[in-house]
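For reference, the chains in residue letters:
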Amino acid sequence: MGLYVETVIRTDMARLWDRSQEPDQHQRWDLRFTSITYLPRAGEDEPQRFRYATRLLPFLSVHGTGISAGERRRADGTRVSALRFSSRHPLSLLAEGSGYWRYVPDPDGGPGIRFLTGYDYRPRWGRFGALADRLVFRPLMGWATAWSFDRLRLWCERGTTPGRALARALAESAVRLLATATALAYAPLAAALAVGLLALLLPPLPGTPAARRCLRTPPGRVPAPEPRLLATLSPLNTPEPS
């Protein structure tokens, strides 16, 4: 099953497009990438190739390559981008995949833009990789995508920079953990469990990114069709590392 995330961002289309399509802006808010670098291309009409990297530890990153294309001017007023990506890095569970982003303005002319993504990938490492993906990696990727979308929303709507949003999230998580630890140390067990449950379930503050604010399934649970633009991108060849 592919991953799907959707949110509504009250901003203008140009700002949202730039902050999601320009590499130096995209890498600021998306947890899935530490760096994104465009590669030279032969002409303006050619798809854009890029390199990406994700830091796992301070001195360890996995990297890969991709190809993308976008349509800014469509008859219905929407925009769309599509990409294919792959990684030969031996520590990357993700072997290859593809996906798209859609930008859908409010049909009534309001300020909200439906910003949504659908993507899927093939894991490596055989049966172990498939199990690790289903139990751990795929849920983590879905959460990271949704959390990042909400961080982008806060940046566009409130002017909260991605760095400040991350600092708020870490600070709020630390407060919740401290409250739970203090309750476990000094309060009766029932009260401590109640505090821990509240710390887990209470929604984050309005200025703190939260994955739970995004939709994780398409409206009506009907899989969204891939844009035709995706079919124009040539598959990337990524043989398994020896």
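Residues numbered from 1 in each chain as written. Predicted model: local features only at pLDDT ≥ 70, side-chain atom pairs only at ≥ 80, totals over all residues. Heavy atoms only, no water.

A. Representation of the pairing of strand β1 (residues 3–10) within the structure. Among the eight residues in β1, six count as buried, and that is most of the element. Bridge count for β1 against strand β7 (residues 112–123) is eight bridges, and the pairing is antiparallel. Within β7, the residue paired with Glu6 across the bridge is Leu116. (Buried < 20%, exposed > 50% of the residue type's maximum accessible area, 1.4 Å probe, protein only. Helix = DSSP H or I, 4+ residues; strand = E, 2+ residues; numbered from the N terminus. Pairing = 2+ DSSP bridges.)

B. Representation of the layout of surface pockets within the structure. Here the largest pocket defines a volume of roughly 910 Å³. Lining the largest pocket are 39 residues; nearest its centre among them are Arg32, Phe33, Tyr52, Thr54 and Met141. Looking at which element gives the most residues to the lining of the largest pocket, the answer is helix α3 (residues 126–158), with six residues. Of the residues that constitute the lining of the largest pocket, the class distribution is 24 nonpolar, 11 polar and four charged. (1 Å grid on protein atoms, 1.4 Å probe; cavity = no way out; pocket = protein on both sides within 12 Å on 5 of 7 lines; lining within 4 Å. Points joined across faces, edges and corners; volume = space filled by probe spheres on them. Nonpolar A, V, L, I, M, F, W, Y, C, P; charged D, E, K, R; others polar.)

C. Representation of the packing of α3 against helix α4 (residues 162–186) in the model. Remark: α3 packs on α4, axes separated minimally by 9 Å, with the N-to-C direction vectors making an angle of 120 degrees. Between α3 and α4, the angle falls in the class oblique. Our pair here, α3 against α4, has a crossing hand that is right-handed. Counting all contacts with α3, which are made through Trp147, Arg151 and Trp155, the residues of α4 involved are Pro162, Gly163, Ala165, Leu166 and Ala169. (Axes fitted to C-alpha atoms, helices over the stretch in contact; angles between N-to-C directions. Parallel < 35°, antiparallel > 145°, perpendicular 65-115°, else oblique. Left-handed = near helix turned anticlockwise from the far one by under 90°. Contact = heavy atoms within 4.5 Å.)

Take it as geometry only, folks, not as evidence of what the structure does.
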